[in-house]
Amino acid sequence: MEVRTGTSIFLNTCADGYGSTPLAGPGGDRWTFGDPAAPNRITGLASEFCRVGARRLPPERTGLTAEGPRAAEALRVVRNDAR
């Protein structure tokens, strides 16, 4: 739930509307959200992405990688939404 929510926020944050978030799940499975060919990508561990979105871990203290013109900004402002 948190990964999907954070990914939706990332995709909506990108000014061009395109983004991709390939993440590694707890068992090592690859979770990819969005278009893999998108110009903006955030890659890394799903657990770190969720903790960044929950504001429990700053992006610079993770192994997450932001690629593309809007990805770093999106990683900085991503938030989880628990409803």
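Before reading further, recall that the structure is shown in the block above.
Now for a look at the structure at hand. (Residues numbered from 1 in each chain as written. Predicted model: local features only at pLDDT ≥ 70, side-chain atom pairs only at ≥ 80, totals over all residues. Heavy atoms only, no water.)

## Description of the overall build of the protein
Right, so step 1: Check the secondary structure of the protein and you find 3 helices and 4 strands.
Right, so step 2: Reading the protein from its N terminus to its C terminus gives the helix and strand order α-β-β-β-α-β-α.
Right, so step 3: Here the protein holds 83 residues, and 37% of them are scored as buried.
Right, so step 4: Look at the contacts in the protein between residues 6 or more apart in sequence, and 42% of them connect residues 24 or more apart. (Helix = DSSP H or I, 4+ residues; strand = E, 2+ residues; numbered from the N terminus. Buried < 20%, exposed > 50% of the residue type's maximum accessible area, 1.4 Å probe, protein only. Contact = heavy atoms within 4.5 Å.)

## Observations regarding helix α2 (residues 46-53)
Right, so step 1: Of all 8 residues in α2, 6 are buried; the element is thus mostly enclosed.
Right, so step 2: When α2 is considered as a whole, its buried residues turn out to be A46, E48, F49, C50, V52 and G53.
Right, so step 3: Positive phi shows up at R55, right after α2, with a value of about 65°.

## Observations regarding the nonpolar core
Right, so step 1: Ranked by size, the top nonpolar core spans 9 residues in total: L23, I42, A46, F49, V52, L64, A71, L75 and V78.
Right, so step 2: With 3 residues, the single largest contributor to this core is α2.
Right, so step 3: Those residues in contact with L75 that sit more than four places away from it in its chain are I42, F49, V52, P59, L64 and A66. (Core = buried A, V, L, I, M, F, W, Y, C linked by side-chain atoms within 4.5 Å.)

## Details of unusual backbone geometry
Right, so step 1: In the Ramachandran plot, R55 falls in the positive-phi region, its phi being about 65° despite a non-glycine side chain.
Right, so step 2: Along the polypeptide, R55 turns up in the loop between α2 and β4 (65-67).
Right, so step 3: By relative accessible area, which is 43% here, R55 ends up partly exposed.

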